[in-house]
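So the chains spell out like this:
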Amino acid sequence: MSHTESSRREYRRIPVTARARVIVDNDFAGDPDGLLALAHHFLSEAAPVVGVTCTSIAMEGMPYPDGSPARDAARELMRRLGIADPPPASDDVQVPFAELTAPTDGARVILEESLRADPLPLVIAAGGPLTHIASALRADPSLADRAELVWIGGGAHPDGAWEYNLMLDVAAAQFVFNESGIRISQVPQHVYRQCLMSIAELERELQAAGEFGAWLYSCFDNPPDFAKIGAIWPMGDSPPVLISTGATESSSFRVVDAPWIADDGTYRPHPAPRPLTLFDTIDTRLLFADFFARLALRFAAEARS
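Residues numbered from 1 in each chain as written. Predicted model: local features only at pLDDT ≥ 70, side-chain atom pairs only at ≥ 80, totals over all residues. Heavy atoms only, no water.

**What to know about the overall build of the protein**
Link 1 in the chain: For the protein, the count of helices and strands is twelve helices and twelve strands.
Link 2 in the chain: For the protein, the spread of C-alpha atoms along the principal axes amounts to about 70 × 40 × 35 Å.
Link 3 in the chain: Here the protein, with 305 residues, has 52% of them falling under the buried criterion.
Link 4 in the chain: A separation of at least 24 residues holds for 80% of the contacts in the protein among residues at least 6 apart in sequence.
Link 5 in the chain: Here the protein has roughly 14100 Å² of accessible surface; of this, 53% comes from carbon and sulfur atoms.
Link 6 in the chain: Within the protein, one finds 25 positive and 41 negative side-chain charges whose respective centroids are separated by 8 Å. (Helix = DSSP H or I, 4+ residues; strand = E, 2+ residues; numbered from the N terminus. Buried < 20%, exposed > 50% of the residue type's maximum accessible area, 1.4 Å probe, protein only. Contact = heavy atoms within 4.5 Å. Areas by Shrake-Rupley, 256 points an atom, 1.4 Å probe, with all protein chains shown as cover. Lys, Arg positive; Asp, Glu negative; His and termini not counted. Charge placed at Lys NZ, Arg CZ, Asp CG, Glu CD.)

**Structural notes on the side chain of Gln 174**
Link 1 in the chain: Here Gln 174 lies in helix H7 (residues 170-179).
Link 2 in the chain: Sequence-distant contacts of Gln 174, that is, excluding residues within four places in its chain, are made with Glu 179, Ile 261, Ala 262 and Asp 263.

**Here we look at the nonpolar core**
Link 1 in the chain: The biggest cluster of nonpolar side chains holds 50 residues, and the ones touching the most others in it are Phe 28, Val 52, Leu 77, Leu 206, Leu 216 and Phe 291.
Link 2 in the chain: Among all residues touching Phe 291, those that are not within four sequence positions of it are Leu 36, Ala 39, His 40, Leu 43, Leu 206 and Leu 216. (Core = buried A, V, L, I, M, F, W, Y, C linked by side-chain atoms within 4.5 Å.)

**Considerations on the sheet that holds strand S12 (residues 275-281)**
Link 1 in the chain: Read across the sheet, eight strands follow the order S3-S2-S1-S4-S5-S6-S12-S9 without closing on themselves; strand pairing throughout is mixed. Of all the strands in the sheet, the pair left with one neighbour each is strand S3 (89-92) and strand S9 (252-257). Across the sheet, the axes of successive neighbouring strands diverge by a mean angle of 20°, strand direction being ignored.
Link 2 in the chain: Relative to strand S2 (residues 49-54), strand S1 (residues 21-26) is paired through five bridges, and the arrangement is parallel. (Pairing = 2+ DSSP bridges. Axes fitted to C-alpha atoms, helices over the stretch in contact; angles between N-to-C directions.)

**A closer look at the pairing of strand S6 (residues 183-187)**
Link 1 in the chain: S6 sits mainly inside the fold: four of its five residues count as buried.
Link 2 in the chain: With five bridges connecting them, strand S5 (residues 147-152) and S6 associate as parallel partners. Among the inter-strand pairings, Trp 151 is bridged to a residue of S6, identified as Gln 186.
Link 3 in the chain: Direction of pairing for S6 relative to S12: parallel, over a ladder of three bridges. Following the sheet pairing, Ile 184 is matched in S12 by Leu 276.

**Side note on the packing of aromatic side chains**
Link 1 in the chain: Taken as a whole and assessed by the stated rule, the structure comprises six aromatic pairs.
Link 2 in the chain: For the pair Phe 220 and Trp 233, a centre-to-centre distance of 4.8 Å together with 80° between the ring planes defines the contact as edge-to-face. Residue Phe 220 is located in the loop between helix H10 (210-218) and strand S8 (232-234), and its partner Trp 233 is located in strand S8; the two are separated by 13 residues in the primary sequence.
Link 3 in the chain: Phe 220 sits in the buried class, given a relative accessible area of 4%. (Phe/Tyr/Trp six-rings, centres within 6.5 Å; stacked < 30°, edge-to-face > 60°.)

**Observations regarding the packing of helix H2 (residues 33-43) against helix H3 (residues 69-81)**
Link 1 in the chain: In the contact formed by H2 and H3, the axes pass within 11 Å of each other and the chain directions differ by 45°. Classified by the angle between their axes, H2 and H3 sit oblique to one another. Taken as a pair, H2 and H3 cross one another with a handedness that is right-handed. Here Leu 35, Leu 38, Ala 39, Phe 42 and Leu 43 of H2 come into contact with H3, specifically with Ala 73, Ala 74, Leu 77, Met 78 and Leu 81. (Parallel < 35°, antiparallel > 145°, perpendicular 65-115°, else oblique. Left-handed = near helix turned anticlockwise from the far one by under 90°.)

**Considerations on the environment of Ser 251**
Link 1 in the chain: Summarising the element assignment, Ser 251 is placed in the loop between helix H11 (239-244) and S9.
Link 2 in the chain: A C-alpha to C-alpha distance of 7.7 Å links Ser 251 and Phe 279, two positions 28 residues apart in sequence.
Link 3 in the chain: Beyond its immediate sequence surroundings of up to four residues, Ser 251 is in contact with Leu 242, Phe 279, Thr 281, Ile 282 and Asp 283.
Link 4 in the chain: A polar contact of 3.0 Å, which involves the side chain of Ser 251, links it to the backbone nitrogen of Asp 283. (Polar contact = N/O pair within 3.5 Å; in protein donor to acceptor, adjacent residues only side chain to side chain.)

By themselves, these observations are geometric and do not establish any function.
Listed below in structure tokens is the structure:
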């Protein structure tokens, strides 16, 4: 029997060892790059998703959306991906950290998972404001010993600056950085802005990836009013997929002292500094080639079944 004939009869995957379990935190009803990143997390068997915590977009002076549109979007993605046993998805953030009188629903999801017996380390992959994480750490400071945070946010080191994810809830970021002891890997603004995808690539690859790819593409073809798109689409929420799976050899990072965050988003020396892993570059070729390859493999598996 030839190798070709044998391969037609049996399709075998290369075994992959899980490196961590992941809680994905983002506003999935905002810019759809968060949904693409969530899909990538679910498709990556090296870091199984064990929870989804949902934030909301509400700058100062703006009301939070009614209900939980981010949670609903995350659940729809899980349904369309065919996740047989979907992990818990929290309600959206309804008030900023400084106004919370009790732990958020997302904090509950984080704390319950952190206390579950599991040999895999727990990574919280956050692509927005740190409200749920701060709420969980305030409710149980020992969470800092049971989880690691990978955060897409903050300005460049050493000075810092106004940055969207940070300033959506600066008090939450201040609590996490200034008051807690949780281990942090940070992808600051100028680094996550390296993650760009051409519109042509996005259209070609998603449209060729079956029903799920077509649905995910539909999330991009009617962008929110605030998203002014040219020839590329920013995909800044995707780096935690590489970081949580340990696939960081081709990116560059260094260990620095975690800063103290001031009210304006700038950094100050921390009076009791702890190590922070700071990313300077992200291997975008590996990141996006992996995502599209996983989509194509999933589509091929559907075609074989």
